[in-house]
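Structure at a glance
The lines below spell out each chain.
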Amino acid sequence: MAANFWISSHYKQLLDAEEVNVVHQLDKERGITAEDCKLVKFHTSQCIVEMAHCVEVRQRVAATAITYMRRLYTRRSMTEYDPRLVAPTCLYLAAKAEESRVHAKLVAFQITNDLSDVKYFKEIHKMEMKILEALNYYLLVFHPYRSLTQFLQDAGVSNLTEQTMGIINDTYKTDLILVHPPHLIALACIFIASAQNDKEITAWFEELRVDMNVVQSIAMEILDFYDSYKVMSEDPRISAVMSKLR
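Per an unreviewed UniProt entry, the protein goes by the name Cyclin-C1-2 and belongs to Salvia divinorum. Under the heading Sequence similarities (unreviewed entry), UniProt records this for the protein: "Belongs to the cyclin family."

Summed over all chains, the structure comprises 12 aromatic pairs. When the centroid spacing of 6.1 Å and the interplanar angle of 55° are considered together, the rings of Phe42 and Phe225 count as tilted. Of the two residues, Phe42 is situated in helix 4 (residues 34–54) and Phe225 in helix 14 (residues 212–233); the sequence distance between them amounts to 183 residues. Residue classification places Phe42 among the buried residues on the basis of a relative accessible area of 0%. For the ring pair Phe225 and Tyr229, a centre distance of 5.7 Å and an interplane angle of 75° mean the geometry is edge-to-face. Of this pair, Phe225 and Tyr229 both sit in helix 14, separated by 4 residues, roughly a single helical turn.

Right, let's get into the pattern of salt bridges. Scanning the entire structure with this criterion turns up 9 salt bridges. Between Arg237 and Asp36 there is a salt bridge, with the nearest N and O atoms lying 3.0 Å from each other. With Arg237 in helix 15 (residues 237–244) and Asp36 in helix 4, this pair connects stretches of sequence that are 201 residues apart. The class for Arg237 is partly exposed, based on a relative accessible area of 34%. Assessed through its relative accessible area of 5%, Asp36 is described here as buried. Put simply, Lys126 and Glu123 hold a salt bridge, and the shortest N to O gap is 3.7 Å. Here Lys126 and its partner Glu123 are both found in helix 8 (residues 118–134), 3 residues apart, which amounts to about one turn of the helix. Via salt bridges that share partners, Asp36, Arg237 and Lys244 belong to a single interconnected network.

Mapped onto the present numbering, the UniProt feature "domain: Cyclin-like" (unreviewed entry) falls on residues 46–133 and 146–224. When the span residues 146–224 is considered, its composition is 76% helix and 0% strand, and the gap between its end C-alpha atoms is 24 Å.

Moving on to the environment of Leu15. With respect to the element layout, Leu15 can be found in the loop between helix 1 (9–12) and helix 2 (17–20). Placed 161 residues apart in sequence, Leu15 and Leu176 show a C-alpha to C-alpha distance of 9.8 Å. Contact partners of Leu15, with chain neighbours within four places excluded, come to Val20, Thr74, Leu178 and Val179.

Procedures and definitions
- Residues numbered from 1 in each chain as written.
- Predicted model: local features only at pLDDT ≥ 70, side-chain atom pairs only at ≥ 80, totals over all residues.
- Heavy atoms only, no water.
- UniProt positions renumbered as here; feature names shortened; annotations may be inferred.
- Phe/Tyr/Trp six-rings, centres within 6.5 Å; stacked < 30°, edge-to-face > 60°.
- Helix = DSSP H or I, 4+ residues; strand = E, 2+ residues; numbered from the N terminus.
- Buried < 20%, exposed > 50% of the residue type's maximum accessible area, 1.4 Å probe, protein only.
- Salt bridge = Lys/Arg side-chain N within 4 Å of Asp/Glu carboxyl O.
- Contact = heavy atoms within 4.5 Å.

Structure follows, in structure tokens:
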């Protein structure tokens, strides 16, 4: 596993925002729009987090699973890769990649509520192979969590750990992990948390020699997401969108 982000497969797979917001032809033919795709990915992310909690794996596993799902949909259509099956499969795959093994039957149970449902269990295994091929077997994910503790200690705001972690968790409901290096996402989350708690750490940010325009831009994307969160959570369109994928 690559220890250096800048020479990793994750770095090589970073995308421009336009590439992330793609709507594939098969989805267009079913009347799926860019906003529909965004809504489906949001709800699929929520589903993965809920399943991760039920099977008792770390938040990092859920974050990796969501990253796989979001990477997948930059390459393949939702028509071909049904989100209802992609969500549990990505969680199962991420658990293996993060060395938090979870039996596929237990993941399937979160959907079917039936441990004897062999058919769905087999469907997860089939989808696992399809996803692996679509991702070119690149499973390495660097997360903002990795650098967070050291950043907070250096900035003298370790008391903001819980709040900043919560903000980082929320970034996985967006495509930020596909576009920006994870350490910049971590810095943007610290920027938000420090501002919300009136912590003056401008001098510390200046010492980092990072592009603060990028950090602030990421922070604005996160805040924009929070503005739309309630609407997306309660959006009645999700059922109609998912019905187009049946």
